[in-house]
Amino acid sequence: QVQLVESGGGLVQAGGSLRLSCAASGRTFSWYNMAWFRQAPGKGREFVAVINWGGGSTNYVDSVKGRFTISRDNAKNMVYLQMNSLKPEDTAVYYCAARIGVGRTAQDMGVKPPEYDYWGQGTQVTVSS
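Worth saying up front: this structure is predicted, and the values here are computed from it rather than measured.

1. Some points on the environment of Arg19
Residue position: Arg19 is located in strand β3 (residues 18-24). Take Arg19: its relative accessible area is 47%, and that puts it in the partly exposed class. Once you skip the residues sitting within four places of it in the chain, Arg19 turns out to touch Ser7, Gly8, Tyr80, Leu81 and Gln82.

2. Describing a nonpolar patch on the surface
Taken together, Trp31, Trp53, Ile100 and Val102 make up a surface patch of nonpolar side chains, about 370 Å² in accessible area. Of the residues examined, Ile100 reaches a relative accessible area of 31% and is grouped as partly exposed.

3. Considering unusual backbone geometry
Of note, Asn77 is a non-glycine position whose phi angle comes to about 55 degrees, a positive value. Mapped onto the elements of the fold, Asn77 is located in the loop between β7 (68-73) and β8 (78-83). Take Asn77: its relative accessible area is 18%, and that puts it in the buried class. Positive phi outside glycine occurs at Ser85, with the angle close to 50 degrees. Following the sequence through the fold, Ser85 ends up in the loop between β8 and β9 (92-100). Overall, the relative accessible area of 42% leaves Ser85 in the partly exposed class.

4. Some details on the pattern of salt bridges
For the coordinates displayed, the defined rule picks out six salt bridges. In this structure, the salt-bridge partner of Asp90 is Arg38, at a minimum N-O distance of 3.0 Å. Remark: Arg38 occurs in strand β4 (residues 32-39) and Asp90 occurs in the loop between β8 and β9; sequence separation between them is 52 residues. Given a relative accessible area of 5%, Arg38 falls into the buried group. Its salt-bridge partner being Arg99, residue Asp108 comes within 3.7 Å of it at the nearest N-O pair. A residue is classified by how much of its surface remains accessible, and Asp108, at 29% relative accessible area, is partly exposed. Taken together, the shared-partner salt bridges connect Arg38, Glu46, Arg67 and Asp90 into one network.

5. Here's the deal with the sheet that holds β7
If you trace the four strands from one edge of the open sheet to the other, you get β1-β3-β8-β7, paired in antiparallel fashion. On the outer flanks of this sheet lie β1 (4-7) and β7, each paired with one strand and no other. In this sheet, adjacent strand axes meet at a mean angle of 15 degrees when their direction is disregarded. By the bridge criterion, six bridges tie β3 to β8 in an arrangement that is antiparallel.

About the thresholds
- Residues numbered from 1 in each chain as written.
- Predicted model: local features only at pLDDT ≥ 70, side-chain atom pairs only at ≥ 80, totals over all residues.
- Heavy atoms only, no water.
- Helix = DSSP H or I, 4+ residues; strand = E, 2+ residues; numbered from the N terminus.
- Buried < 20%, exposed > 50% of the residue type's maximum accessible area, 1.4 Å probe, protein only.
- Contact = heavy atoms within 4.5 Å.
- Patch = residues over 30% accessible without salt bridge, like charges linked within 9 Å, V, L, I, M, F, W, Y side chains within 5 Å.
- Areas by Shrake-Rupley, 256 points an atom, 1.4 Å probe, with all protein chains shown as cover.
- Salt bridge = Lys/Arg side-chain N within 4 Å of Asp/Glu carboxyl O.
- Pairing = 2+ DSSP bridges.
- Axes fitted to C-alpha atoms, helices over the stretch in contact; angles between N-to-C directions.

Here you go:
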């Protein structure tokens with residue numbers, strides 16, 4: 001069982017930066033691939049970024065490549081999303097999610113919501129123009 005709690009959201013002007021954090025409970029955090037998804041009003045939940053259980057592989061949706069960076073600290077049971085050059089279209093509720101990663105390949109890190117077993121409650125990010 002993994003419990004996830006996000007923090008770090010807020011209101012920022014276009015071009016600004018935010019760093020989201022996700023704190024995970026459990027002694028087996030290092031077994032899990034960790035991802036960030038987002039959901040804008042009236043839209044479905046969208047994959048943003050994923051990092052594998054060891055931290056050596058990452059993947060991003062094209063719209064955030066070069067602007068967002070996902071990272072993790074297994075010693076602290078934390079995963080982060082550094083968001084730079086924010087745009088109004090990045091406005092959404094951002095969710096942290098976890099799925100078992102040990103034994104999976106880099107091509108199977110998980111980019112779809114049904115592939116994830118555990119979710120946080122979300123943190124709101126609003127980017128003003």
